[in-house]
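Fold and contact review
These are the residues of each chain, in order.
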Amino acid sequence: MAWIYLIIAGLFECGWAIGLKYTEGFSRLTPSILTVAAMAISFWLLSIAMKTIPVGTAYAVWTGIGAVGVAIIGMFLFGESRDVLRIISLVLIVCGIIGLKLVAK
C-alpha cells in the first residue's frame, strides 16, 4: 500500500508544480489555494509512504514521478520541447524509478 501512496504523492507533486505556474507568484487566489492543497496532500502521502519505504528510495521515486510528469505535462500544456534527447532522458528517469522499486526492501 505504501507504493500506492507514493505514486499518488508523486501525481500530486505534478499538480502543485504545474499549479505554481498558474498562481502567478501566488497572486491569484484560487490557483494558489489549490496549489497549496496539492502540496500538503503530496507531502502527507509521501510521509505515510516513508513509514515503510526507505527515505532515499521514497524521495527519489517521488521527485522522479514529479519531474517526468511535469515535463510531459509541460510538453502538452505549454508547448515545451519534445526533442528526442529530452524524451530519452525522461525514459531513463522512469527506468531509474523502476529500478528503485525492484531493489527496494
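Notes on the structure in this doc start here. (Residues numbered from 1 in each chain as written. Predicted model: local features only at pLDDT ≥ 70, side-chain atom pairs only at ≥ 80, totals over all residues. Heavy atoms only, no water.)

**Quick notes on the packing of aromatic side chains**
Summed over the entire model, instances satisfying the criterion amount to four aromatic pairs. Between the aromatic rings of Tyr22 and Phe78, the centroid separation amounts to 6.0 Å while the plane-to-plane angle is 45°, which identifies the pairing as tilted. Of this pair, Tyr22 sits in helix α1 (residues 2–23) while Phe78 sits in the loop between α3 (55–77) and α4 (84–103), and the two are 56 residues apart along the sequence. By relative accessible area, which is 28% here, Phe78 ends up partly exposed. A centroid spacing of 5.5 Å and a plane angle of 45° characterise the contact between Phe43 and Trp62, whose relative ring orientation is tilted. Within this pair, whereas Phe43 is found in helix α2 (residues 29–49), its partner Trp62 is found in helix α3, the two being separated by 19 residues in sequence. Residue Phe43 is classed as partly exposed on the basis of its relative accessible area, which comes to 44%. Here the aromatic cluster, defined as three or more aromatic residues joined through ring pairs, consists of Trp16, Phe43, Tyr59 and Trp62. Against the face of Phe78 rests Lys21, its NZ or CZ located 5.3 Å from the ring centre. Across from the ring centre of Phe76, 4.7 Å away, lies the NZ or CZ of Arg82, which sits over that ring. (Phe/Tyr/Trp six-rings, centres within 6.5 Å; stacked < 30°, edge-to-face > 60°. Helix = DSSP H or I, 4+ residues; strand = E, 2+ residues; numbered from the N terminus. Buried < 20%, exposed > 50% of the residue type's maximum accessible area, 1.4 Å probe, protein only. Lys NZ or Arg CZ within 6 Å of the ring centre and 35° of its normal.)

**Digging into the side chain of Ser42**
You can see Ser42 is positioned in helix α2. Residue class for Ser42 comes out buried when judged on its relative accessible area of 0%. A polar contact of 2.9 Å, which involves the side chain of Ser42, links it to the backbone oxygen of Ala9. Setting aside residues no more than four positions away along its own chain, Ser42 makes contact with Ala9, Phe12, Glu13, Trp16 and Trp62. (Polar contact = N/O pair within 3.5 Å; in protein donor to acceptor, adjacent residues only side chain to side chain. Contact = heavy atoms within 4.5 Å.)

**Regarding the nonpolar core**
One broad trend across soluble globular proteins is that nonpolar side chains are buried collectively. Within the largest apolar cluster, 15 residues are counted, with the highest numbers of intra-cluster contacts made by Leu6, Leu46, Ile53 and Trp62. Of all the secondary structure elements, the ones that give two or more residues to this core are α1, α2 and α3. Of the residues forming this core, the biggest block, five residues, is contributed by α2. Residues in contact with Ile53, not counting those within four places in the same chain, are Ala2, Trp3, Leu6 and Ala58. (Core = buried A, V, L, I, M, F, W, Y, C linked by side-chain atoms within 4.5 Å.)

These figures come from the coordinates and say nothing about function on their own.
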